[in-house]
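Chain and residue survey
Here's the letter readout for the chains.
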Amino acid sequence: MKIPGRIIASLALMALTACSQKVDNSQYVPAMQELLASTPRWVDRTPLGKKVWAIERGFYESRGHLPAWVNGDRTTPQLKDLIQQLHYSQKHGLDPDAYHVRDFEQIRDRSQTKYEGTRFAENEVPELDARMTYAYLRYAADLLAWGAQPRQVYVNWLVDSKQDDLAAHLESAIRQGTVRDSLEALAPTHPQYRGLQAALVREMANPSGHLDQLKMNLERWRWAPRDLGDRYVLINVPAYQMQVMEGDKPALAMRVIVGKPDTPTPLFSDEMTYVIFSPYWNIPESILKNETLPRMERDPGYAERNHLEVIEEDGVVRVRQAPGPENALGLVKFIFPNHFNVYLHDTPTDNLFFKDVRALSHGCIRIENPVGMAKYVMRDQENWGEDRILNAMNSQREQTVTLKRKLPVHIGYWTAWIDADGSVIYTDDPYGIDAAHARLRAGHPQPVTGTPTGA
């Protein structure tokens, strides 16, 4: 079909006029200032929502209250990328509806023109732009777990908040056109997290009843430190497993015994700083009162057989167990100082590692291969080969060695775990944390309680 010349000329004139017009976004500044001076209905009335809104105000102030996502009355590539990435949030176990992505799509759809593409009503631009910014920041905050409430799941679950400058992060993403990458950069990069994401996609395509469990375990990874270290100890309590990781690969792996449900192992991150060979076991007061003293009363020979010593220091009497093969801590313990007084240690009861359920201790973590662990952490120490390590472990003389290089230790709780072949394993839930996490997500927190008491 031949297009009439007058139409071609008209279209050319329109294109020329559009190209010659300089977009002036300063027209929106007064409306943006007025909007940001208030608290719109779509700002969450939560501590996190208020924090995000304060960041947003600072973001617009730093750019002279100019729009970030709309240019004139037209959409931008950044706006398109953000809408697409908000949909992608479900791959992190998050809900796209929490970021009002459908509202943005409806505004975009009704702003479509027949010949000129998307043209927003100018009176809608300030609020649309501010809502887009809020969605970006809120999604970013969720990826950083700023709203994390792990102590509402388990009272002894400690995490440190991530201190990212989201206003600067967003400004850079807008300027460089890297909106999608900037958000993905905030998510965990650990292979376990990526594996759980893949498992979530499979679960959504072929449900097997593990959808909520996968979402909760992804969230727990977001609670963990983003930088675990170039080498670190990773303990998964419900899997009863420990790995010493170097980068993305395990350098050492072994079974562990963790706290009983009434004396559960706390969940936190710290740094291993020293090792004690042939340790004494200073019996904690609760164990002494509830277990040791009753046994001593029933059995006069109990204390001698178990090499217990009564020590008085500064008027305080305590009971300790002498170093040796019968010591409850075994022949070595690995210390990462913390107020729970929890550590890794050997055990004289090796047969317990063959049990399927290994929530058996008073809160400390017993390890299956203490010699292998000692060799690993002492490899940077001069003249500390295997023979010297074995001699120190069996000397029955307590000896403390400070590590030259601290080793991060991360104790977590993941009931969905990716095996070496990439398949997902669903573990038991010895502390009932899945149920407590589900209650929190439903808005009815009832945390798991319990206090570790010793070995």
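Data block above holds the structure.
This structure is a prediction, so every number in the text was calculated from the model and none was measured.

Cut-offs applied
- Residues numbered from 1 in each chain as written.
- Predicted model: local features only at pLDDT ≥ 70, side-chain atom pairs only at ≥ 80, totals over all residues.
- Heavy atoms only, no water.
- Core = buried A, V, L, I, M, F, W, Y, C linked by side-chain atoms within 4.5 Å.
- Buried < 20%, exposed > 50% of the residue type's maximum accessible area, 1.4 Å probe, protein only.
- Contact = heavy atoms within 4.5 Å.
- Patch = residues over 30% accessible without salt bridge, like charges linked within 9 Å, V, L, I, M, F, W, Y side chains within 5 Å.
- Areas by Shrake-Rupley, 256 points an atom, 1.4 Å probe, with all protein chains shown as cover.
- Salt bridge = Lys/Arg side-chain N within 4 Å of Asp/Glu carboxyl O.
- Helix = DSSP H or I, 4+ residues; strand = E, 2+ residues; numbered from the N terminus.
- Phe/Tyr/Trp six-rings, centres within 6.5 Å; stacked < 30°, edge-to-face > 60°.

Formed by 64 residues in total, the largest nonpolar core has its most connected members in Trp69, Leu82, Leu86, Met132, Tyr136, Leu166 and Trp221. Once residues within four sequence positions are removed from consideration, Leu82 is found in contact with Trp69, Met132, Tyr136, Val179 and Leu183.

A cluster of nonpolar residues, Val201, Met204 and Leu211, forms a patch on the protein surface that exposes about 200 Å² of accessible area. Classification of Val201 by relative accessible area gives partly exposed; the value is 35%.

On to the pattern of salt bridges. Pairing between side chains of opposite charge can happen when their charged atoms approach one another. Counted under the stated rule, the structure contains 19 salt bridges. We note a salt bridge from Arg220 to Asp434, for which the minimum N-O separation is 2.7 Å. Taken together, the residues span a long stretch of sequence, with Arg220 in helix α10 (residues 211-223) and Asp434 in helix α15 (residues 433-441) at a distance of 214 residues. The exposure class of Asp434 is buried, given its relative accessible area of 12%. The partner of Arg320 in a salt bridge is Glu309, with the nearest N and O atoms 2.9 Å apart. Placement of the pair is Arg320 in strand β11 (residues 316-321) and Glu309 in strand β10 (residues 308-313), with a sequence separation of 11 residues.

The next point concerns the packing of aromatic side chains. Applying the stated rule across the entire model yields 14 aromatic pairs. For the pair Tyr99 and Tyr139, a centre-to-centre distance of 5.2 Å together with 40 degrees between the ring planes defines the contact as tilted. Pair noted here: Tyr99 is in the loop between α4 (77-88) and α5 (101-110) and Tyr139 is in helix α6 (residues 125-143), with a separation of 40 residues, a long-range link. Across this residue pair, the class does not change: Tyr99 and Tyr139 are buried. Summarising the aromatic geometry, the rings of Phe277 and Trp384 are spaced 5.3 Å apart at their centres and angled 10 degrees between planes, so their arrangement reads as stacked. Highlighted residues: Phe277 in strand β8 (residues 269-277) and Trp384 in the loop between α13 (370-377) and α14 (386-393), separated in sequence by 107 residues. Each of the two residues, Phe277 as well as Trp384, counts as buried. Through successive ring pairs, a cluster of aromatic residues spans Trp42, Trp53 and Tyr134.

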